[in-house]
Amino acid sequence: MKILLVEDDLDTAEFIGRGVQQQGDALTHVTDAKQGMLQASIGEFDVMIFDRLLPHMDGIDAIRILRESHIETPIIVLTALADTADRVAGLDAGADDYLVKPFAFSELYARLKALARRSPLKQEALELSFADLTLNRATQVVTRAHTVLDLMPREYKILEFLLRHPHQIVTKTMLLEHVWGFSFDPKTSLVQTHMSRLRNKVDKPFDIELIKTVRGSGYVLSDK
Amino acid sequence: MSSQTNKPIHFSVARYVLLAALLGFSLIAISALVFSTLAISSANNAQQEVLYETRDEALAIFEEDGLDELLTLYDNVWDDADDPQGFIPALEAHHILYAVYNAQGEHIAGSRLPFDYQQAMHVHSMTYDEETFTVLTLGFELSDTLTVHLARLQYDEASEVLSHLLFALILGLLTTVLISALVTLLINRQVNQRLNTLTQQLDGIAQKPDSSRLSTSNHTDSFDQLACTINQMLDDIAALNRNMQVMSVGIAHDLKTPLSRVANRLQLMLQDIDDRAMLNQHIERADESLRAIITTFNNLIRLNDIESGKRKQGFKALDLSLLIQDLADSYEPVFADSGRQLEISVVEGVHCLGDSDLLSQLICNLLENALEYSNAQANVWVRLQYHTTGALLQIGDNGPGIPSEAQAQVFERFYRGDTSRGKPGNGLGLSIVKAICELHDAHINLLTQQQGAVFNIELPINQGK
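Residues numbered from 1 in each chain as written. Chains lettered and ligands numbered in written order. Predicted model: local features only at pLDDT ≥ 70, side-chain atom pairs only at ≥ 80, totals over all residues. Heavy atoms only, no water.

A. Just helix 8 (residues 356-373) of chain B, in detail. Residue and element names in this part refer to chain B. End to end, helix 8 covers 26 Å across 18 residues, agreeing with the expected 26 Å (1.5 Å per residue, within 8%). Buried residues dominate helix 8, accounting for 15 of its 18 residues. For helix 8, the side-chain oxygen to backbone nitrogen distance between the N-cap and Asp357 is 2.9 Å, and the N-cap itself is Asp355. (Helix = DSSP H or I, 4+ residues; strand = E, 2+ residues; numbered from the N terminus. Expected span 1.5 Å × (residues − 1). Buried < 20%, exposed > 50% of the residue type's maximum accessible area, 1.4 Å probe, protein only. Polar contact = N/O pair within 3.5 Å; in protein donor to acceptor, adjacent residues only side chain to side chain.)

Below is the structure:
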């Protein structure tokens with residue numbers, strides 16, 4: 001992945017830089033919005049990270065300008081501000097995702113991967129499949145190895161999300177946001193409980209385990 | 001807070017009262033003028049009418065009884081021989097004087113009028129005793145051979161009426177100004193008194209904002225309403241102040257304690273720097289403490305966000321039944337795994353106006369509290385039903401409940417059942433629940449006399465959606 005980071009706080013930049021380096025991806029780091037917009041327009045990046053509180057300009061305004069210039073590279077916004085108005089403002093300006101500081105690097109990385117590998121076709125496809133698993137969005141029927149699986153509505157939604165991000169790490173927070181629509185973090189193991197029930201139905205009766213846990217990060221749909 | 005005494009307030013209604021009074025007076029004056037003009041012209045007409053009536057009367061009597069009878073009846077004759085100048089006084093005395101002429105124009109009966117005979121109504125002007133008088137005359141044919149000339153004074157109603165009117169208007173104007181002044185004085189005194197009392201009291205409250213309030217009487221006038229509003233505002237400010245104080249206490253415990261733990265861990269890490277396993281353990285513990293602090297901060301920010309009321313703008317119509325059923329279904333496996341029973345009883349089709357994210361958080365918080373604090377294998381339930389004008393959501397468990405001495409404080413920030421603060425959590429969960437209720441105009445209360453912790457939430461709903 002080629003990543004652009006627009007962040008004036010050097011500690012955060014170092015934190016992100018180290019993590020990205022360990023994963024083997026390329027990071028370009030600039031410290032203000034103007035530089036950021038310049039780099040965004042000349043470089044070919046897979047995904048961009050914008051901090052909100054930048055010198056001279058709000059990151060959101062820079063994002064808006066980029067979108068108006070038809071630069072469609074996916075953008076994730078980082079901020080310490082956590083209230084809804086800011087979240088909405090970010091998404092309205094054209095950002096694709098929003099992460100509140102402090103965050104675990106694995107959370108950021110999982111989201112970067114999800115944004116970079118986004119294929120529009122997959123979003124609209126009527127039928128999603130992975131290995132011998134298929135999910136039909138119209139009929140809401142899920143089968144594995146031609147056997148119909150009986151899933152609860154939430155379990156179905158979790159599986160659908162995993163199928164839309166094959167081979168990508170999906171974090172607990174991503175699931176809470178997309179499957180439950182929560183902007184808060186419930187204390188209990190809501191995600192874990194549903195995940196284990198899902199795996200009982202999807203993986204347990206079959207030979208190959210498709211839903212894997214990545215310790216410290218989340219879950220991944222993988223057949224490797 | 002500044003301690004300067006404000007200058008006394010001088011508010012005056014003078015210009016308004018005077019303006020209103022003069023306006024009213026002008027309207028009356030104009031009406032009076034119009035009325036007088038009409039009265040005067042009709043009076044003039046009336047006077048002419050009298051002559052016409054006399055003529056008609058004379059004609060009738062002459063036709064019936066003849067000239068002699070007529071002359072007998074009309075015995076008001078002025079003989080100018082006595083007093084040639086006395087025409088006007090005679091006219092004043094007799095009201096009407098007449099003269100009868102024959103076909104040749106010779107005077108044959110009645111007074112000798114100082115006018116030549118003229119047919120029909122005529123107006124003459126005469127001077128007598130340095131005064132000008134107006135005389136009306138009417139000439140008409142009594143028969144083929146006889147003509148009659150009538151004379152009458154036209155009373156100068158006009159100038160009399162107008163002079164009376166002018167007098168009345170001047171008197172009225174003076175009275176109006178006098179009354180205005182009086183009314184102004186009275187109102188000013190009352191208003192300024194109330195205003196100054198208010199200002200003095202407010203000055204006093206600035207010194208002791210927590211205890212004193214403005215006094216209200218039973219008048220229920222605008223000043224009392226103002227005093228009530230100000231008192232309410234002072235109550236709100238006092239509550240905010242209390243919140244801030246509570247916050248400091250909470251922050252001291254809930255933030256400083258884990259921060260101290262992190263500091264301790266860092267010291268321990270220095271000591272155990274060569275022991276990989278111990279180092280890992282310290283880092284994990286430190287990480288936990290930091291997570292707790294971040295969660296507390298996030299919750300505080302969330303609480304502020306909710307209490308600021310900004311989120312009310314994003315309210316949408318939502319299916320409350322669906323939301324609650326969905327969430328309860330999501331938690332059912334979690335409760336089952338913990339050995340507890342979750343009973344769900346939701347009536348369908350309840351709609352309301354609100355924020356689905358916040359309402360979800362409310363239900364999650366209450367369910368998670370039930371999960372954490374209820375007895376092992378307890379029964380927990382979620383019920384939604386219609387109730388008087390709204391909906392009633394009840395989330396409860398059957399034990400052990402909240403001790404009665406703690407019940408009043410349970411919604412306060414940083415209040416924790418476990419005073420040693422050993423268990424995880426930061427005492428903000430129920431504060432958030434209460435704030436979400438208030439934002440949605442809903443009322444929450446913890447039921448007393450129950451085995452466990454049972455919460456009732458009354459929500460206003462959209463009927464018939």
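From this point, the discussion proceeds with the structure in view.
B. Focus on a nonpolar patch on the surface. Residue and element names in this part refer to chain B. Residues Leu18, Leu22, Leu173 and Val177 make up a contiguous nonpolar surface patch of about 280 Å² in total accessible area. Listed by contribution, the elements that provide at least two residues to the nonpolar patch are helix 1 (14-65) and helix 4 (157-207). Position of Leu173 among the secondary structure elements: in helix 4. Here Leu173 falls in the partly exposed class, since its relative accessible area comes to 36%. (Patch = residues over 30% accessible without salt bridge, like charges linked within 9 Å, V, L, I, M, F, W, Y side chains within 5 Å. Areas by Shrake-Rupley, 256 points an atom, 1.4 Å probe, with all protein chains shown as cover. Salt bridge = Lys/Arg side-chain N within 4 Å of Asp/Glu carboxyl O.)

C. Highlighting the packing of aromatic side chains. All names here are of chain A. A complete count under the given rule lists 8 aromatic pairs over all chains for this structure. Relative to Tyr109, the ring of Phe105 lies with its centre 5.7 Å away and its plane at 25°, an arrangement referred to as stacked. One end of the pair, Phe105, and the other, Tyr109, are both in helix 5 (residues 105-116), 4 residues apart, so they sit about a helical turn from each other. Of the residues examined, Phe105 reaches a relative accessible area of 14% and is grouped as buried. By relative accessible area, Tyr109 is classed as buried at 7%. A centroid spacing of 4.5 Å and a plane angle of 20° characterise the contact between Phe182 and Phe184, whose relative ring orientation is stacked. (Phe/Tyr/Trp six-rings, centres within 6.5 Å; stacked < 30°, edge-to-face > 60°.)

D. Examining the packing of helix 5 of chain A against helix 8 (residues 172-180) of chain A more closely. Residue and element names in this part refer to chain A. One way to put it is that helix 5 packs onto helix 8 with a least axis distance of 9 Å and a crossing angle of 55°. When the interaxial angle is binned, helix 5 and helix 8 end up oblique. On helix 8, the residues that touch Glu107, Ala110, Arg111 and Ala114 of helix 5 are Thr173, Met174 and Glu177. Split into classes, the residues belonging to the contact of helix 5 with helix 8 amount to 3 nonpolar, 1 polar and 3 charged. (Axes fitted to C-alpha atoms, helices over the stretch in contact; angles between N-to-C directions. Parallel < 35°, antiparallel > 145°, perpendicular 65-115°, else oblique. Contact = heavy atoms within 4.5 Å. Nonpolar A, V, L, I, M, F, W, Y, C, P; charged D, E, K, R; others polar.)

E. Just the pattern of salt bridges, in detail. Residues and elements named next belong to chain B. This model, assessed by the stated rule, comprises 27 salt bridges over all chains. For the salt bridge of Asp224 with Arg194, the shortest nitrogen-to-oxygen distance reads 3.6 Å. A residue pair is termed long-range when its members are at least 10 positions apart, and Asp224 in helix 5 (residues 222-271) and Arg194 in helix 4 qualify at 30 residues. Salt bridges linked by common partners bring Arg302, Asp305, Arg311, Asp355 and Asp357 together as one network.

F. Molecular detail of the sheet that holds strand 1 (residues 2-6) of chain A. Residue and element names in this part refer to chain A. If you trace the 5 strands from one edge of the open sheet to the other, you get 2-1-3-4-5, paired in parallel fashion. Each edge of the sheet is formed by a strand with only one pairing partner; in this case those strands are strand 2 (26-30) and strand 5 (97-100). Looking at each pair of strands side by side, their axes are set apart by 20° on average, direction ignored. (Pairing = 2+ DSSP bridges.)

G. Region of interest: the pairing of strand 3 (residues 120-128) of chain B. All names here are of chain B. Relative to strand 4 (residues 131-141), strand 3 runs antiparallel, the two being bridged by 9 bridges. Residue pairing in the sheet places Val123 in a bridge with Leu136 of strand 4. Linkage of strand 3 to strand 4, two consecutive antiparallel strands, is achieved through a turn of 2 residues, within which Asp129 is found at a positive phi near 55°.

H. Representation of a negative patch on the surface in the model. Residue and element names in this part refer to chain B. A surface patch of like charges, here negative, comprises Glu63, Glu64, Asp65, Asp68 and Glu69. Of all elements in the fold, only helix 1 and helix 2 (67-73) reach the threshold of two or more residues within the negative patch. Element by element, the count of residues in the negative patch is highest for helix 1, at 3 residues. Here Glu64 is to be found in helix 1. Its relative accessible area of 68% is what places Glu64 among the exposed residues. (Lys, Arg positive; Asp, Glu negative; His and termini not counted. Charge placed at Lys NZ, Arg CZ, Asp CG, Glu CD.)

I. Inspection of the environment of Gly339 of chain B at higher detail. Mapped onto the elements of the fold, Gly339 of chain B is located in the loop between helix 7 (320-337) and strand 7 (341-346). Remark: the alpha-carbon pair of Gly339 of chain B and Ala376 of chain B, spanning 37 residues in sequence, is separated by 6.7 Å.

J. Fine view of the confidence of the model for chain B. Residues at a pLDDT of 70 or more form 94% of chain B, whose mean pLDDT is 84. As a predicted assembly, this complex carries a pTM of 0.65 together with an ipTM value of 0.82. (pLDDT = per-residue confidence, 0-100.)

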